[in-house]
Amino acid sequence: MDFLTLLSPQAANYLEAMAQKAHRLTVQHFGRTVLLFTPMYLSNYCGNQCVYCSFSSNHRLVRKKLTLDEVEEEAKSIAATGLRHILILTGESQKHSPVSYIEDCVKVLKKYFDSISIEIYPLTTEDYTRLVKAGVDGLTIYQEVYNEETYDQLHPRGPKKNYRFRLDAPERGCRAKMRGVNIGALLGLEDYRKEAFFTGLHASYLQNKYMDTEISVSIPRIRPNIGGFTPKFSVPDRSLVQIILAFRLFMPRMGITLSTRERAELRNNLVRLGITKMSAGVSTEVGGHTIKNSTGTGQFEISDNRSVAEIKEMLLQMGYQPVFKDWHQLNGERAGEQLL
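Residues numbered from 1 in each chain as written. Predicted model: local features only at pLDDT ≥ 70, side-chain atom pairs only at ≥ 80, totals over all residues. Heavy atoms only, no water.

Description of the overall build of the protein
Then, number 1: Within the protein one finds 13 helices and 11 strands.
Then, number 2: A compact globule built from 340 residues should have a C-alpha radius of gyration of about 20 Å, and the protein, at 19 Å, falls within 12% of that.
Then, number 3: Per element, the accessible surface of the protein, about 14600 Å² overall, is 50% carbon and sulfur. (Helix = DSSP H or I, 4+ residues; strand = E, 2+ residues; numbered from the N terminus. Rg over C-alpha atoms; globule rule 2.2 N^0.38 Å. Areas by Shrake-Rupley, 256 points an atom, 1.4 Å probe, with all protein chains shown as cover.)

Description of unusual backbone geometry
Then, number 1: Unlike most non-glycine residues, Glu-144 shows phi in positive territory, near 75°.
Then, number 2: Tracing the backbone shows Glu-144 in the loop between strand S4 (138-140) and helix H6 (148-154).

Concerning the environment of Ser-43
Then, number 1: Mapped onto the elements, Ser-43 comes out in strand S1 (residues 33-43).
Then, number 2: Separated by 244 residues in the primary sequence, Ser-43 and Gly-287 place their C-alpha atoms 8.5 Å from one another.
Then, number 3: Dropping the residues within four chain positions of it, Ser-43 is found in contact with Phe-55, Lys-64, Lys-65, Leu-89, Thr-90, Gly-91, Ser-97 and Val-286.
Then, number 4: Side-chain polar atoms of Ser-43 contact the backbone nitrogen of Tyr-45, separated by 3.2 Å. (Contact = heavy atoms within 4.5 Å. Polar contact = N/O pair within 3.5 Å; in protein donor to acceptor, adjacent residues only side chain to side chain.)

Notes on the packing of helix H2 (residues 15-30) against helix H10 (residues 237-250)
Then, number 1: Running from N to C, H2 and H10 cross one another at 45°; their axes reach a closest spacing of 9 Å. Between H2 and H10, the angle falls in the class oblique. In this structure, H2 crosses over H10, and the sense of that crossing is left-handed. In this structure, H2 uses Leu-15, Met-18, Ala-19, Lys-21, Ala-22, Leu-25, Thr-26 and Phe-30 to contact H10, whose residues at the interface are Arg-238, Val-241, Gln-242, Leu-245, Ala-246, Arg-248 and Leu-249.
Then, number 2: Taken together, the residues that form the contact of H2 with H10 break down as 10 nonpolar, 2 polar and 3 charged. (Axes fitted to C-alpha atoms, helices over the stretch in contact; angles between N-to-C directions. Parallel < 35°, antiparallel > 145°, perpendicular 65-115°, else oblique. Left-handed = near helix turned anticlockwise from the far one by under 90°. Nonpolar A, V, L, I, M, F, W, Y, C, P; charged D, E, K, R; others polar.)

Things to note about the packing of aromatic side chains
Then, number 1: One pass over the structure, following the stated rule, counts 6 aromatic pairs.
Then, number 2: Pairing Phe-3 with Phe-250 gives two aromatic rings, centres 4.3 Å apart and planes at 15°, and the pair type is stacked. Within this pair, whereas Phe-3 is found in helix H1 (residues 3-6), its partner Phe-250 is found in helix H10, the two being separated by 247 residues in sequence.
Then, number 3: Taking the relative accessible area as the measure of exposure, Phe-3 reaches 3% and is therefore buried. (Phe/Tyr/Trp six-rings, centres within 6.5 Å; stacked < 30°, edge-to-face > 60°. Buried < 20%, exposed > 50% of the residue type's maximum accessible area, 1.4 Å probe, protein only.)

Some points on the environment of Arg-248
Then, number 1: Along the chain, the position of Arg-248 falls in helix H10.
Then, number 2: Arg-248 gets classed as buried once you look at its relative accessible area, which sits at 0%.
Then, number 3: Along the primary structure Arg-248 and Leu-7 are separated by 241 residues, whereas in three dimensions their C-alpha atoms are 12 Å apart.
Then, number 4: Ignoring any residue separated from it by four or fewer positions in sequence, one finds Arg-248 in contact with Ala-22, Leu-25, Thr-26, Phe-30, Arg-253, Met-254, Ile-256, Leu-273, Gly-274 and Thr-276.

Section: the packing of helix H9 (residues 192-209) against H10
Then, number 1: H10 packs onto H9 with a crossing angle of 25° between their chain directions and a minimal axis gap of 11 Å. Looking at the two axes, H9 sits roughly parallel to H10. Two packed elements cross with a definite hand, and for H9 against H10 that hand is right-handed. Contacts between H9 and H10 pair Tyr-192, Arg-193, Ala-196, Thr-199, Gly-200 and Ser-204 from the former with Ser-239, Gln-242, Ile-243, Phe-247 and Phe-250 from the latter.
Then, number 2: Classifying every residue of the contact of H9 with H10 gives 5 nonpolar, 5 polar and 1 charged.

Brief notes about the pattern of salt bridges
Then, number 1: In total, this model carries 20 salt bridges according to the counting rule given.
Then, number 2: Here Glu-103 ties to Arg-130 by a salt bridge, and the two come within 3.0 Å at their closest N and O atoms. Residue Glu-103 is located in helix H4 (residues 99-109), and its partner Arg-130 is located in helix H5 (residues 125-134); the two are separated by 27 residues in the primary sequence.
Then, number 3: Here Glu-103 falls in the buried class, since its relative accessible area comes to 16%.
Then, number 4: Exposure remark for Arg-130: the relative accessible area of 35% places this residue in the partly exposed category.
Then, number 5: Asp-212 serves as the salt-bridge partner of Lys-177, at 3.5 Å between the closest nitrogen and oxygen. Remark: Asp-212 occurs in the loop between H9 and strand S6 (214-218) and Lys-177 occurs in the loop between helix H8 (169-175) and strand S5 (180-184); sequence separation between them is 35 residues.
Then, number 6: Among the residues examined, Lys-177 registers a relative accessible area of 47% and is labelled partly exposed.
Then, number 7: Its relative accessible area of 42% is what places Asp-212 among the partly exposed residues. (Salt bridge = Lys/Arg side-chain N within 4 Å of Asp/Glu carboxyl O.)

Considering H9
Then, number 1: With 18 residues, H9 extends 26 Å from end C-alpha to end C-alpha; this agrees with the ideal 26 Å at 1.5 Å per step.
Then, number 2: For H9, the set of buried residues is Tyr-192, Glu-195, Ala-196, Thr-199, Gly-200, His-202, Ala-203, Ser-204, Leu-206 and Gln-207.
Then, number 3: Looking at the packing, one finds that the buried side of H9 touches H1, helix H7 (163-167), H8, S5, S6 and H10.
Then, number 4: Sitting at the amino-terminal end of H9 is Asp-191, which places a side-chain oxygen 3.0 Å from the backbone nitrogen of Arg-193. (Expected span 1.5 Å × (residues − 1).)

A look at the pairing of S5
Successive residues of a regular strand alternate their side chains across the two faces of the sheet.
Then, number 1: S5 sits mainly inside the fold: 5 of its 5 residues count as buried.
Then, number 2: Here S5 shows no split at all, with Gly-180, Asn-182 and Gly-184 on one side and Val-181 and Ile-183 on the other all buried.
Then, number 3: With 3 bridges joining them, S4 and S5 adopt parallel strand pairing. By the bridge assignment, Gly-138 is partnered in S5 with Gly-180.
Then, number 4: One ladder, built from 5 bridges, connects S5 with S6; its direction is parallel. Bridged to Gly-184 within S6 is Ser-218. (Pairing = 2+ DSSP bridges.)

Listed below in structure tokens is the structure:
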């Protein structure tokens with residue numbers, strides 16, 4: 001199916017028919033299930049000056065990095081909700097959060113979680129392989145914006161300014177044998193149709209080339225931050241719906257992740273349209289699950305503050321099965337490899 005046509009203004013007149021087909025395809029490939037996870041922020045030190053992010057090195061805020069004891073307390077608090085999938089994040093400062101620190105945190109987290117994904121600064125294939133050996137099985141990394149000229153303007157200083165190194169990071173993750181790789185554009189930084197189109201092309205390339213890696217996309221819209229950045233482009237709810245439907249019809253087997261950037265009512269309505277993963281019980285502050293007012297500043301404002309239990313109940317009422325765990329490693333290797 002022509003992906004560009006699905007994203008076109010003309011296709012917006014056929015959202016109901018697209019929605020019905022997207023729902024059928026999602027149930028066919030994923031069943032009525034939604035995987036739940038939550039982010040854990042390890043550090044907010046950052047060497048970049050992204051104009052749209054609260055963690056930018058330009059901003060004055062309390063900077064913090066969790067100790068390993070604090071990581072364990074966070075892990076205990078999150079695990080108590082029943083979640084077994086976690087996404088760990090840091091600001092993009094390799095000086096303050098080196099690979100060795102991430103590795104040490106993963107060793108602690110392995111005691112509590114069956115799946116550990118990372119959303120940190122881009123790494124080399126060798127460093128991704130190192131973290132995979134430590135127990136990481138998923139990578140999330142957003143290009144933020146695929147338009148290279150806009151990318152250069154939005155990232156005036158810092159290592160993130162290297163557009164190509166970031167663009168190639170998901171493929172390096174695939175080469176390192178990450179079980180899952182999740183990509184996306186931060187919608188609102190550029191024309192959303194163009195950005196969704198390039199995100200889809202990127203995801204399709206990865207899925208076709210690395211068939212043993214689960215490829216997913218996120219569809220985050222930019223949220224308020226302490227820098228007061230105002231995006232140039234609006235992404236209405238109806239347009240977000242069209243993007244989700246276009247992704248599902250273009251790539252029926254691709255995971256689609258929905259964050260708490262979106263308000264609760266909208267998230268409920270989007271579930272049936274192709275969503276396969278949702279965050280729940282979210283805090284975007286360092287130590288936000290256990291250390292009250294730990295930094296005073298999250299990476300961005302969230303819209304859906306519901307707990308894991310509340311998200312679980314919502315899914316059950318809709319006839320969906322909330323999934324807390326869909327992956328298990330045996331002797332440090334992929335479970336599927338053990339069975340072959």
